[in-house]
Structures are given as structure tokens and as C-alpha cells.
Amino acid sequence: MQFSIEKIRRDLRELIVRFPVEMVMCVIFTVIALMSGHNTSADELFAKSAFFPICLFVCLAVNFMTAERCRWLYYLSVLVAVPVLALKMESYVFTYGYGFGLLLSFLLLFLCRGQVRDNRRFSANAVAVVIDVVMTGILMSIITAAVYAVLGSLVYLFDMDEKLLGYGFQWGPFLIGPMFFCLRQDSHQRQDAQMSAPAFVHFITKYIVSPAIIVYTLILYAYVVRALVLASLPLGGVAAMIMTYYIIAVAGRMLNELSEITAYGWFYRYLHWISLPILVLFWWGLVYRVNIYALTDSRVYLIAAGIVMVAVSVMMAVRRLDNYRLFAIIAVCAIAVLTYIPGISAKSIGIASQKARMERIADALDLRDATTVAWPFRIT
């Protein structure tokens, strides 16, 4: 017990010294989550809480990037929470921008270590990050269940106010879980990620991930043949499915190389050629729908994803450009531009495209009212 208490003290001291900004983030968002337990503006508070992973991942990535120089940038990274705290965020949570922003912040954890420049080191770091996320999720679930068990017992046995249960979900996801994740990441930062995959990752890659990717590739090939034979357009959701497939296929390639599995080497060695018909299917359906229905924010993201997938395929074919770190940098840049730069963001482009489409339809139906600025259509 004495050892455990001493270890807890040592970990807390380490957190305060190594992760002061992250700890501030944890406290801020824990308070917000506690306020949302019973509050008339709970929806807005829940929305603000949803941005906690983005803020935490960004601060953690900057922390590691500035470990040896420009440390002031790390302390300034706390400002990433200012827009979340100052603005109304409820309308942003269920948007493509939020989802891609979360993906962007997660990818930063793959890029934040300067020493992971070769593919093997990058893959090892990526595996370590994913494992830590999974372990943190399990820990958060256990903590949340334990806290609710205690609070539920108090409410039931001592006839306490049921509102007490509203303060049970905050501690795992916003405080203890993130602290655990920071400590795990710090251990990888100090020791460097292992250069070989853990045994269970090797097993999953060999018997689950790679076979599933190959089977799904065959399914998509069959769909390509079906679309050609029937001369039918791909279904609306096929583009998103292909994007997901491609991400998983590249991840499978990373895991296969890290695990040194030779059985699937032929597949991943020629992935850039194997995926070519699938990418043609992707662009076929996407270009048709853009021509007919114009752009939306989701289609802008899909176009960017298509460009990145083509670029990655070309780079995989060129040995000196076959670099996972470079793949991630390209994806990060594309997401950042389309999500956070006004005027050329996916949302702005989608709105402008739909507005132009409405005006074309109005002109074709002679519904344009040139004398009215506020409402450019004549209602008959």
C-alpha cells in the first residue's frame, strides 16, 4: 500500500511538472462537465465538453514537439480552449468539421515526435498511441462504472437525491483517463516506442486485419464489375466507404511491416495498383454527384480525401516518397485548410456552391427577382 501511495504521489508530481497545460485543460473541462450535470444550458455545456479531446490532443502534441526548444509555444497552446469556452459550440458538434477536427488532432499525436522519421519508427509510435487510447477508454469505462455504482448505492440505501447521479460520468473521461493517457505517452516519449509490434498486435494483424482488408477488397472489386456491367452509378455512400477502406488498408500496411508478416507482403507491396480500380469507382460516383447536385461540405472533404488517396498511391509507388510521416502531414494540411481557414473551408465552399446552384435553377425557371436584394427569388 505504501508503494502504491508513493507511486501515485510520484505520478501526480510528474503530471504537474511535465503536463501543466494538459492538467489545466482537464480541470477546466471537468468543471464544465460537472456544471452540465444539472443545468438549464446543459446542451451547450455538453457541446463544449465534446471539444475536450481536440484541445487535449493538440496541447499534448505541442508539448512533445517543443520538448527541447520553443517551450513558450507549449504554454500558449492553452489558448486552443479559448474559442471553445467563448463561443456557442452546440451547432458545431454534429458536423463534418468537428469529426475531421478530431481526426486532425489525433493525427498530430502521430507526428509530434521528431525522431520517428522512418516508416518503422512511425508505425511503432502510431501503434503505441492507438493502444494507449484503447487502454485509456477501458480505464475510463471501469472508473465510470465504479463511480456510478457508489453513487447509485448512496441514492438507493440512504434515500439521497437522484440528481447526485448526474455527477458520475465526469471523472473518468475528463480527469483520471486523460491523466493516465498523458503518463503513458510520456513513457513512450522517454523510452521511444518499441520497434516491434506486441504479440497481440501481430496476431490481430495476421489473422483478422489483413484477411478482412483482402476480403473487403474483393467485395469492392465485385461491386466495380457490377457497376460496369449494369452501367449503374455507385451508391451515394460508396465514396465514404472507399475512403474508410483506404485508411484501414494503409494502416494494415503499416501493421504488416511492423509485425514483419510475409504472408501478405504481396498484397501490401502492390496496394497502390490494387486500389486503382477502387479509386476510379470513388471518383466516378463523386464527380457525377458534384456535377448534378453541386458541392456540399461533405463532398468537399471527400474530394480532398480523393486527392490525398491518389497522392498517397503515387508516393507508395515511388520508393523514396513512400513515407508514412509524409502521408500524415499531407492529410493534416488538407484537413486544417478545409476546416479552419475562412473562405476556403469546406463549409464555405459548400454554401457558395449550393447558392450558385439555387441561382441557376431560379434563372432556368425564371424565378429571379432582380429588384429584391434580400430575397432574390420571385414567389408566384
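Refer to the structure above for everything that follows.
None of these values were measured; they are calculated from a predicted model.

Chemist: Tell me about the overall build of the protein, residues and numbers included.
Modeler: Scanning the protein from N- to C-terminus turns up 17 helices and 0 strands. Expressed as lengths along the three principal axes of its C-alpha atoms, the size of the protein is roughly 75 × 60 × 50 Å. Relative to its 380 residues, the protein shows a buried fraction of 43%. When contacts within the protein are restricted to residue pairs at least 6 apart in sequence, long-range pairs at least 24 apart make up 74% of them. If you sum the accessible surface of the protein, you get close to 20800 Å²; carbon and sulfur atoms cover 70% of it. The protein carries 31 positive and 23 negative side-chain charges, and their two centres are separated by 8 Å.

Chemist: Explain the nonpolar core residue by residue, including any values.
Modeler: The biggest cluster of nonpolar side chains holds 92 residues, and the ones touching the most others in it are Phe 29, Tyr 245 and Phe 267. Looking at this core element by element, the count peaks at 11 residues for helix 4 (residues 52–65). Setting aside its immediate chain neighbours within four residues, Phe 267 contacts Ile 213, Ile 214, Thr 217, Tyr 245 and Ile 274. Residues Ala 124, Val 127, Ile 131 and Leu 255 belong to the second largest nonpolar core, which totals 7 residues.

Chemist: Account for the layout of surface pockets, with residues named and values stated.
Modeler: Taken as a whole, the largest pocket spans an internal volume of roughly 1200 Å³. Lining the largest pocket are 40 residues, with Leu 103, Leu 107, Phe 110, Ile 247 and Ala 251 sitting closest to its centre. Going through the elements one at a time, helix 7 (96–111), helix 8 (119–158), helix 10 (199–230), helix 11 (238–259), helix 15 (297–317) and helix 16 (324–340) are the ones with two or more residues in the lining of the largest pocket. For the lining of the largest pocket, a count of residues per class yields 37 nonpolar, 3 polar and no charged. The volume enclosed by the second largest pocket comes to roughly 760 Å³.

Chemist: Any details on the packing of aromatic side chains? Residues and values, ideally.
Modeler: Counted by the stated rule, this structure contains 17 aromatic pairs. Relative to Phe 327, the ring of Tyr 324 has its centre 5.7 Å away and its plane inclined at 75°; by these criteria the two rings are edge-to-face. Here Tyr 324 and its partner Phe 327 are both found in helix 16, 3 residues apart, which amounts to about one turn of the helix. Summarising the burial analysis for this pair, Tyr 324 and Phe 327 share the class buried. What links up through ring pairs into an aromatic cluster is the set Phe 57, Phe 106, Phe 110, Phe 122 and Phe 181.

Chemist: Which residues make up the environment of Val 238, and what are the values?
Modeler: If you trace the backbone, Val 238 turns up in helix 11. A C-alpha to C-alpha distance of 21 Å links Val 238 and Ser 210, two positions 28 residues apart in sequence. Those residues in contact with Val 238 that sit more than four places away from it in its chain are Tyr 223 and Leu 281.

Chemist: Talk me through the pattern of salt bridges; I want residue IDs and the actual numbers.
Modeler: Under the criterion given, the structure shown has 7 salt bridges. Of the charged contacts in the structure, one is a salt bridge between Lys 48 and Glu 44, with a shortest N-O distance of 3.3 Å. Residue Lys 48 and its partner Glu 44 are both found in helix 3 (residues 42–50); the two are separated by 4 residues, about one turn of the helix. The residue Arg 120 makes a salt bridge to Glu 260 at a minimum N-O spacing of 3.5 Å. Of the two residues, Arg 120 sits in helix 8 while Glu 260 sits in the loop between helix 11 and helix 12 (265–269), which places them 140 residues apart along the sequence. Of the residues examined, Arg 120 reaches a relative accessible area of 26% and is grouped as partly exposed. Salt bridges sharing common partners tie together Arg 253, Glu 257 and Asp 322.

Here is what the cut-offs are and how they apply
Residues numbered from 1 in each chain as written. Predicted model: local features only at pLDDT ≥ 70, side-chain atom pairs only at ≥ 80, totals over all residues. Heavy atoms only, no water. Helix = DSSP H or I, 4+ residues; strand = E, 2+ residues; numbered from the N terminus. Buried < 20%, exposed > 50% of the residue type's maximum accessible area, 1.4 Å probe, protein only. Contact = heavy atoms within 4.5 Å. Areas by Shrake-Rupley, 256 points an atom, 1.4 Å probe, with all protein chains shown as cover. Lys, Arg positive; Asp, Glu negative; His and termini not counted. Charge placed at Lys NZ, Arg CZ, Asp CG, Glu CD. Core = buried A, V, L, I, M, F, W, Y, C linked by side-chain atoms within 4.5 Å. 1 Å grid on protein atoms, 1.4 Å probe; cavity = no way out; pocket = protein on both sides within 12 Å on 5 of 7 lines; lining within 4 Å. Points joined across faces, edges and corners; volume = space filled by probe spheres on them. Nonpolar A, V, L, I, M, F, W, Y, C, P; charged D, E, K, R; others polar. Phe/Tyr/Trp six-rings, centres within 6.5 Å; stacked < 30°, edge-to-face > 60°. Salt bridge = Lys/Arg side-chain N within 4 Å of Asp/Glu carboxyl O.

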